[in-house]
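Architecture and fold: a report
The chain contents come next:
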Amino acid sequence: MSQQLVSLITSLTRNEKRYITLSLKTFSFDNDTNGLLSDFNKLEKQIGKNNTKDSFSISGNPTKLYYKLVDILYQFHEEELPNSDNSLKNLKRAKVLIFKEQYKEGFKLLDKIINDASKYDYLIKMEALELKLNSAIAAVDIDYLKNDYINDKELFSKFHKEYFNLMEFQNMEALIKLESSTLYFYGDDHSITKTYLKLLESEENAFHPLAKIYYNKSNAFLAMKSGQPDKAYLFAKRASDIFEAYPAIKIKNIVTYLKSVRNLCLVLFYQKKLKEAEDILNEKELTLSNFKKSTNSDIRTELFTLFVLIRTNIIIFNNKMNESIGKIKLFETEFNLAIDILKDDEKVSAHLNFTILNIYFKKYRQALKHTIEALKILGKIRKYVYHISLMNEIAMYYFLCNTVVVLSKLASYKRIIAKGDIMFGFEKELPTYLMSIFNN
């Protein structure tokens, strides 16, 4: 059985399965489609029983079923997919009209795509130009080839240049993110550095508004890295402002937008301007409420980061725990509801925040529960938080008066320190200080 087919069916949500079943039923007017529906239902039941992949069997061709499911999923998610807007719809309509030899009407739709200055869907514009040229040749449209071809050729070159400029900035931002965790990208022996540093000299080097956003996000990161938070704020604010100036781009790149808001808040945190960060979150929440119902896990994760994680950070840093009891309960409920879709980084940050909050309220068992959950995840990521969580765990058992476990955890922690696995300067002395406390 095709591993790709099994993996695809395993990944399907309830709504996707329902749509696939309805689609196959609706178009099951021949034996072939009926067979696909039967195979899909059979395979779904077999997978549900947790059988090994070798025991899966269907009567039809698994490759054919796989691509049929992909086609149906395309229809189901069409509005959410990249470049799926009116331009794409008009391109499809133009293709149909030209296929039916309705060239004049087809060209009108193509020109609408090509000449829409508010849209930056370069690939669709280039495909529209290609379709226009090929159709003009097929229809022997001498007037177009004589009068309009040269202009369209120049437009194609312009779109091509601007598209690859966007890719350069997008690639640069991705590499800078990689550098933040691997310390690889900006080494002296990497010639690629000079190319991208030149791009980052001026926003004028970026053509597409999204490229300008990547320019500002990258410069904000580099400014923070070099210890210039005031400079970082200007770049982070500029990235957010560009999104607001181009609402269509904001909607199509909502995850990138949410991350830009998060970055702006983090810079304000570093500047200790917590009130400004909170005001931004309150303002943005009003305009982003519709996205809270999204089924997209990346969108929901970013919303959780903004409106739960950062807000709990604000409460902790402002020492406003007593006056925020209601909010904290609500945030913990939202965390429990979202935990299945969150990535490890966000889960760990939430567990750490709720550990701190529960310690403050002397709910040590709840704090220990969050600490243990964090430690389950932290083996591979964010090592400094792992060390903090180890310290938290020892403290929780101490507050719970479980001396045997305290001494056991402390012995384990000492072995880690003895190996030289240290994240904080004070860790070398910490076991000695703790033993002194316990002995007294």
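Quick look at the structure, then. (Residues numbered from 1 in each chain as written. Predicted model: local features only at pLDDT ≥ 70, side-chain atom pairs only at ≥ 80, totals over all residues. Heavy atoms only, no water.)

Geometry of a packed helix pair, given as the angle between the helix axes and the separation of the axes. Contact geometry of helix α1 (residues 3–11) with helix α4 (residues 62–77) gives a least axis separation of 9 Å together with a crossing angle of 35 degrees. α4 is crossed by α1, and the crossing has left-handed handedness. Facing Q4, L5, L8 and I9 of α1, the residues of α4 in contact are P62, L65, Y66, L69, V70 and L73. A per-class count over the contact of α1 with α4 returns 9 nonpolar, 1 polar and no charged. (Axes fitted to C-alpha atoms, helices over the stretch in contact; angles between N-to-C directions. Helix = DSSP H or I, 4+ residues; strand = E, 2+ residues; numbered from the N terminus. Left-handed = near helix turned anticlockwise from the far one by under 90°. Contact = heavy atoms within 4.5 Å. Nonpolar A, V, L, I, M, F, W, Y, C, P; charged D, E, K, R; others polar.)

A word on helix α7 (residues 122–138). Along an α-helix, residues three or four apart share an orientation, since each turn contains 3.6 residues. Taking 1.5 Å of rise per residue, 17 residues should cover 24 Å, and α7 covers 24 Å from first to last C-alpha, within 8% of that figure. Listing the buried residues of α7 in full gives Y122, I124, K125, M126, A128, L129, L131, K132, S135 and A136. (Expected span 1.5 Å × (residues − 1). Buried < 20%, exposed > 50% of the residue type's maximum accessible area, 1.4 Å probe, protein only.)

Our next topic: α4. Here α4 contains 16 residues, and its C-alpha end-to-end distance of 22 Å stays within 8% of the 22 Å for a straight helix at 1.5 Å per residue. Every buried residue of α4 is accounted for by L65, L69, I72 and L73. Seen end-on, α4 carries its buried residues on one side only, within an arc spanning 105 degrees. (Arc of directions from axis to C-beta.)

Here we come to unusual backbone geometry. Backbone geometry at V140 places phi at a positive 50 degrees, although glycine is not the residue there. In this structure, V140 sits in the loop between α7 and α8 (142–147). Within the chain, K272 stands out as a residue other than glycine whose phi angle is a positive 60 degrees. In this fold, K272 is placed in the loop between α14 (254–270) and α15 (274–288).

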